[in-house]
Structure formats: C-alpha cells, structure tokens
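Each chain, written out:
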Amino acid sequence: MTAERRTIRSAPVTQSGIPIKVVYGPGDVRTLDYERDLGEPGRFPFTRGTYPEQYRRRRWVSGVPGEGAMYSGQKPITQLIEEGLIDSGIRKGADYHVLACVDPDHPLVKYDLGRGCPPLFALWNFGDDAGRPNPRKALRRTAEGYALAVKRGLVLEFGHANGSDIFHTTLFCALCEEMGRPLAEFRGNSVNDPLAHYIIRCMAYQPLPLMWKLALDWMEWAFGHLPKFRPTNGGCAYDMRESGIDSCQELAFRFANYIEYMDELCRRGLRIDEIGHRPAIALCGEIDFFETIAKLRAARRMHARIAVERYGMDPKAVKCPPVNTNLAGTAMTKQQPIFNVVRSAIQALASVLGGVNGMELKAYTEVMSSSPTAALVINRGIEAIIAEETGVCQTVDPLAGSYYVEWLTHRVEDGARKILDEILSKGGVRACLESGWIQGLVEEGAKRRQRELEEGQRVLVGVNAYESLVEPEIPLPLLDTLDRGSPEAPYSALQREILAELAELRVRRDTVKTGRALHELYRVTREGKNVVRAMIDAWKADATLGEIAGTIRMGLGLPWDEWGMVQKPEWLHVG
Amino acid sequence: MRIIRARPVAEHKAVKVLLAKLGLDDHTRPLYVLAQGLRDAGLEVIFLGTHNTPERVVRVALEEDVDAITLSFHTLGHIGWLTEVMGLLRVREAAERVAVFAGGIIPEDDWPTLAAMGVKGFHGPGTPVATIAEGVRREVERKKKGQGEGP
Ligand code: B12
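Residues numbered from 1 in each chain as written. Chains lettered and ligands numbered in written order. Predicted model: local features only at pLDDT ≥ 70, side-chain atom pairs only at ≥ 80, totals over all residues. Heavy atoms only, no water.

A. Region of interest: the overall build of chain A. Counting secondary structure elements, chain A contains 20 helices and 8 strands. Relative to the compact-globule value of 25 Å for 575 residues, chain A shows a C-alpha radius of gyration of 24 Å, a close match. The principal-axis extent of the C-alpha atoms belonging to chain A is close to 75 × 60 × 45 Å. In chain A, buried positions account for 60% of the 575 residues. Put simply, of all contacts in chain A between residues at least 6 apart along the chain, 75% involve residues at least 24 apart. Roughly 21700 Å² of accessible area belongs to chain A as shown, and the carbon and sulfur atoms make up 53% of that amount. Here chain A contributes 72 positive and 75 negative side-chain charges, whose respective centroids are spaced 3 Å apart. (Helix = DSSP H or I, 4+ residues; strand = E, 2+ residues; numbered from the N terminus. Rg over C-alpha atoms; globule rule 2.2 N^0.38 Å. Buried < 20%, exposed > 50% of the residue type's maximum accessible area, 1.4 Å probe, protein only. Contact = heavy atoms within 4.5 Å. Areas by Shrake-Rupley, 256 points an atom, 1.4 Å probe, with all protein chains shown as cover. Lys, Arg positive; Asp, Glu negative; His and termini not counted. Charge placed at Lys NZ, Arg CZ, Asp CG, Glu CD.)

Structure, rendered in structure tokens:
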C-alpha cells in the first residue's frame, strides 16, 4: 500500500471544528475535580450518567419510527407489536399538513399528502376504536396500530417537534377518553419545541406567538394532568443540529430553549423543582465518536449546573432527566448504502458510551426514503450486539478519566456555555429570533458544512473520497415501492382515499355539535385561557385539524388561514 | 414572502435562476447551501424560499425573466408538483425558453418520467454545488442556441 493511501485525509479537528492534539495527557485535565466535575453516576452533576447502575439495571429504550411515508415497505404497527419488534415505545411522526396545522385538502398540501407519514386529521380516522362509523377507514393500518399501542400502554412519542404536537397529543387524549382509558395512564412524550423551528427556519409555518401559546398550553396542562407524559423535551436539539450547527451550538440552543420554556412555566405558577427534570434531554447522535460522547456527558452536567446556578436549586435536590439521541441522518449517504449500517453502529456505540437512556437509529435507506422492515431488523440487531456482545454496557461510563474524553467534555461544555451566555445576555431566544442573529448562525453553519465537504476537510467515504469503494454494487432492499403518482394521475390511490374520507366526514358528522365545540374553543382562546381541554372536546365533536387551528387563529385575532387560501366554513360562527 | 435577490460577483450577463420549494416541504438547509453556491459560481439567484404554489413560481419566473427554474424536493411529491409547473409553463408558452431543474431526494426510477416531461438535473445528495451550477449554465446555453440567440 502506498504512503499516500495510508494518510488520513480528514482534517485533525472534531466535527465541530475543535482542534485535536496528537496526544493528550495529565496536563489536559489538570483542573478536573472528581466530585465537582464528575461525581458518581446518578449523582450531581450527573456527568457519568442519569442513573447509578445505568445499563446494568435497565437498557436504553429503542425508539422505533412509526409509520413512515405511506407504509413504504414496512409491516403494519399491529404486526410489529405482536412480533415484539416494537416492545417499549414508538415514535409517531407528523405529516406535512399536521406540522403546518392545516387540513389535508389545503392547496399547499397536494402531492405531499401522507409523504411525511400517514396523516391523522380527525377522531373519525380511528373508526370503531373511537366509536365512529367510518366505513372507509383509509388510514386503517395507522389508526389501528396506534390504537393498539395506546391499549398496550406503550410509550408514544410525538415527534412533531414544532409545536404542532398539541394537535395530535390532544387527539390521542380524545381517543383515550373515547376508549375509556384513564388519561393518567397515557404514557408518552412530545418534542414540542417551536422555538427550535424558528431558529432553523424550518417548519415555522404559523406565527411564533401562536405556536408559543399552543406549546406552552400543552406543557402546562400535561404537567398537571398527565403524570406519565413528558410534554416537551425542552429543546429539539436534533432538528437544529441537522440544520447545520455544531455540538456547542446544539447544547447552547437546547438549553436556551429549555430556559425560555421553564421560565414561562414558572411565571404560570409551576415549580421548577417539580418540572425541571421532566423534559428529556434529546440530542443528535453524530458520527464523530468522541465528540458525541463528550456532548452527552456535558449535557447532563450543564443541566445540573443550570438547575443550581439559574434556578437556585440545592445540588442534592437536582434530578437528572434521561438523555436520548436521535442518530444523525445527515451522516448517511446515498452512495453505497450498506456503509450506513456501519455508520449507524458507530453512532449508536457513541451514544451508549455517552450513557443514553434512549436512542433511535437511522435506517441505511435514510437518503432514499423511509425504512423498510429490513432496516428496522438491522437496527435492532446493532443495538442487541452493542448490548450483549461488546461488553460496553457492563460498567457505567467506562471512558471516564480518559484524558481526551474529559478534556473534550470540558471543551464542549465550555463552548456551549459561552454561546448560551451570549444568547441570555441578548435577552434570550425570542429576542435573538427577533434580531435574526440566531437564524444567521444556522444558515452560516449549513454553508460551512457544505464547504468543508466540497473542499475535502471533512471526508464522507464514497462521496468526496474513496470513490472506488462505491462501484461494486452490493445488493440491498432499497424499496421505493411507493406510489409516487404519474403525470396522468398525480395523486396516489391512497391520497385520493384520504381526501375522500375527509370529504365524507364533513358531510356525515353533526355540524351543530362540531360548531358548538369549536365555538367554545374560540371563546377560551379569546379569553387567553389554556386551550387543551377545549381542543380535546373539539376532537370529540369531530372537528378536523384545520378547523381547530383556524378557530384558535381567529380567537387570537388572526385570519382563518395563514396563506389566505382557505376560507372559514360557513356553518361556523366564530370571529 | 419577500423575494431575495442575490447579485453575482461577475459583471457579464449572468445566468438567472429562480430557486424555490413547493408546498409544505421545509427542508431549508439545501436551499441556503444552493443559494450561496450558485451565487459563488456567478449565477444570479432569485430566492423564493418555501411554501410556494406552482402558480407563484411560474408567475415570478416570467416576471423576472429567468433562464431557469431550480426546484428542490425532499418529500417525494415531485411528480405531481412538476407536472403542474411544466403544464403552467406550456400554457404561458415559456416551456421552450425556461429550463426547469429538479434535485434533492428524487429516486432514480423517476428520472425517465421527469425527463420525458422536460425536466433536467436530478442532482442528488453529495453533488458539489459547482457541478450543479455548471449543469444549469450548460443547459441554459444549449436552450439559447436552440433559439438562435447563442454566441
Ligand atoms: C436534515 C434533514 C431534516 C431536517 C431539516 C433541517 C433543515 N433546516 O432543512 C429536519 C430534522 C428538520 C427534517 C425534518 C423532516 N424530514 Co428530513 N431529512 C434531513 C436529511 C437527514 C438531510 C437533508 C439535508 O439537508 N442534507 C444536506 C443538503 C445540503 O443536501 P441535500 O438536501 O441532499 O441537497 C443536495 C443535493 O440533493 C442537491 N439538491 C437539493 N435540492 C436541489 C435542487 C436542484 C434544482 C438541484 C439541481 C439540486 C438539488 O444539491 C444539494 C447539494 O449537494 C434527509 C436525509 C438525507 N440524508 O438526505 C432527511 C429527509 C429528506 N427527511 C425526510 C422526512 C420524511 C422528514 C420529515 C417529514 C420527518 C417527519 N415526519 O417529521 C420532516 C419534515 C420537514 C418538513 N416539514 O419539510 C425524508 C424524506 C422522505 C422521502 N423523500 O422519501 C428524508 C429523505 C429522510 C428519511 N429517509 O426519512 N429533516
């Protein structure tokens, strides 16, 4: 092999651009104080783990993506639950129209309907399970799958993220009530962080004040009514990271958003010692192995220190939330997809060594489309191999004390704290959004990542280096069985079915009852009260997602539709 | 939404493109990357951002007299949206003049369908933006030659 072939091509910096020395030693951790900076696992400042015994007691929760874009190549959820492939939790994504808070027949939805994941827009979609006489049940698979998950008491994760979470969390509350299940038993979590999405200017469909109100109303109500539900993860770090920012920014933005929500909830009368530890810390599991580990350790320490320094808590009273990762999709390549299995394994191993309590792996088909069942099986295999064969789970935080890991943990925390302080000194996230400063950082980050790739400082195997490894075709199921329409029939059969179901619901339901419930929602909104109970009742009166959103908009003095493309229904007397 | 114009560095008559996403697709990261990269390559970029209808894209493209429309897709709804865009261009008798490029997550199986509709490009993940800019420039020149305006 030539010397040239054996040179590492990527630059000696972490993924976030932190320069890496050739070797680390005691001098790099001189200031490290065990009690102050690390502590025992499960004890302040939680650097070494949320729980004292970590995996010796309980393995991480495997996040399983729920129904993807129109079922492509996946088995139904009901079957996956019966086969045990889904045993702890399931993530329910949101379709584009749900994220945008409009109905499936809105003119901006069209060909994208159901392409984020199967759309649920009314209690009607659940048919029998919700006691609704819906003969069509276009979304049968999805509706029955999630209804079974609710019945089995699985953890439902609402991965909408941008604050539209409340539409589906309240829909599922309505479903629980119709099924006669006590809400106190409703287990799940919602990402519910609109600020993140105004920061990255992605999924910021509705005005921020509206999404802010909805997100906080949900947090406030759920903290009070749903003991088994985490109504926010305090900051959708994953979406922000995937938009191009680095690790320090990821932590800084996550905690800046967390602080914004916690401060507001305290203003609303909730107590930080009761809610401060409830939001899970959900980060992005990146391909940079040590930086990911350092980031996860730093995240717990930051949580602990913020609780003491900002909220004046007694260190002994501070509780650490679970830490989760969603593994980075931007690390995946279209070129030679089987390499993505390796990338997933490395990301997952880093997450485990960083002490996560839950993680969700990306499918090797990430760049092509959503995951076929093969990808799900491979991912569960990766997790099982890490858990059982590698031995890394047998002792807690095995990398503690490593010169490099401790140096990098400190370096990442320090970088994050500086950015966080800057955000707070500028008046917090909402003030930074107004000036446009924080959005600029994201845009700059996205451009920098692309530049690094094009100039070769960052190597993606098979993309900008080692192209010869891409030629031999390694057969793999890549799916694409998905009906994407044709110029003659641009809507798929399922899209047509869903639109027909919506039209049918509008004709068959009792609009007087629907109108009454929406009117109540309108009144509550106008009076500035918490809208959650009224939203649940509106779902139960067969209102649709777009109608609920439109009514709340009117209650806040906004026009019915953000884009002026849809009019308020004539039978509805609000505004 | 505001239309943002990014002026190219070079002074000669630059190739002018409109860059947008249709519908509710909000994968904005590639938009920022493309806007910057195309401008760096000397193209003039009319940035329409997200949440556009086909009508708006075609209207602005014709008002601004662009050479090409570059549309980014990450939802798999590209066939329907592009069918509408191409139809509107034909109605406005501009299909010959304005090149239409599509990129993002577009399965290879769909390329022949889109090509038959007259759509160009399909540069997917991992493509340097300079390569995309070069492809656009070449296609625009080819179109101009076809119309007898070439060098
Ligand atoms: C980052 C990302 C996100 C971020 C977006 C952040 C942001 N600000 O943009 C977040 C996390 C928010 C996100 C959310 C969602 N995402 Co996403 N996301 C990705 C991911 C991982 C990378 C995309 C990216 O930015 N790459 C970096 C850029 C620079 O590369 P690029 O986009 O490929 O662009 C290059 C080329 O394609 C080309 N190109 C792009 N556009 C154009 C246009 C023209 C004309 C030309 C010539 C070239 C060109 O040039 C660029 C430079 O090389 C992809 C998977 C992947 N690895 O590609 C999924 C992916 C695109 N997302 C997907 C989905 C489903 C979603 C969600 C619907 C999930 C959900 N249910 O909530 C939401 C919806 C968001 C919305 N409302 O639009 C799917 C799409 C499925 C499909 N098409 O089959 C993908 C493929 C992942 C998957 N397999 O599930 N996502």
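B. Quick look at the interface of chain B and chain A. Residue-level contacts link 37 residues of chain B with 43 residues of chain A. Both faces considered, chain B and chain A share a buried interface measuring about 3100 Å² in area, 59% of it formed by carbon and sulfur atoms. Area buried by chain B at its contact with chain A is led by Leu24, Arg29 and Tyr32 of chain B, which between them contribute 25% of it. Where chain B packs against chain A, one counts 3 salt bridges. Linking Arg484 of chain A and Asp110 of chain B is a salt bridge whose minimum nitrogen-to-oxygen distance equals 2.5 Å. Secondary structure elements with two or more residues in the side of chain B that touches chain A: helix 1 (29-40), strand 3 (44-52), helix 3 (78-91), helix 4 (111-117) and helix 5 (129-146) of chain B. Counting residues per element, the side of chain B that touches chain A draws most heavily on helix 3 of chain B, at 6 residues. (Buried area = accessible area lost by both parts, 1.4 Å probe. Salt bridge = Lys/Arg side-chain N within 4 Å of Asp/Glu carboxyl O.)

C. Expanded view of the pairing of strand 2 (residues 16-22) of chain B. Residue and element names in this part refer to chain B. Counting buried residues in strand 2 gives 7 out of 7 residues, a clear majority hidden from the surface. Side chains Lys16, Leu18, Ala20 and Leu22 project from strand 2 onto one buried face, and the interleaved Val17, Leu19 and Lys21 project onto a second face that is buried too. With 6 bridges joining them, strand 2 and strand 3 adopt parallel strand pairing. What sits directly across from Val17, in strand 3, is Val45. For the crossover that starts at strand 2, traverses helix 1 and ends in the parallel strand 3, the hand is right-handed. Alignment of strand 2 against strand 4 (residues 68-73), held across 4 bridges, turns out to be parallel. In the sheet register, Ala20 faces strand 4, and the bridge partner there is Leu71. (Pairing = 2+ DSSP bridges. Right-handed = clockwise from strand over helix to strand, strands pointing away.)

D. Molecular detail of the site of the ligand. Around the ligand sit 43 residues, and of these Glu366 of chain A together with Asp26, His27, His74 and Thr127 of chain B come closest. Two or more chains meet at the ligand, and those chains are chains A and B. Ala94 of chain A is positioned with one of its backbone polar atoms (N or O) 3.1 Å from a nitrogen atom of the ligand. Within the contact set of the ligand, an oxygen atom lies 2.6 Å away from a backbone nitrogen or oxygen of Asp26 of chain B. For the shell around the ligand, the secondary-structure elements that each account for two or more residues are helix 3 (96-99) and helix 8 (237-241) of chain A together with helix 1, strand 4 and strand 5 (99-104) of chain B. Ranked by residue count, the leading element in the shell around the ligand is strand 5 of chain B, at 4 residues. For the shell around the ligand, the class distribution of residues is 19 nonpolar, 18 polar and 6 charged. (Near = heavy atom within 4 Å. Polar contact = N/O pair within 3.5 Å; in protein donor to acceptor, adjacent residues only side chain to side chain. Nonpolar A, V, L, I, M, F, W, Y, C, P; charged D, E, K, R; others polar.)

E. Fine view of the environment of Glu144 of chain A. Residue and element names in this part refer to chain A. Counting through the fold element by element, Glu144 comes out in helix 4 (residues 140-151). The class for Glu144 is partly exposed, based on a relative accessible area of 29%. Residues Glu144 and Phe126 lie 18 residues apart in sequence; the distance between their C-alpha atoms is 6.9 Å. Discounting chain neighbours no more than four positions away, the residues touching Glu144 are Thr78, Asp129 and Lys137.

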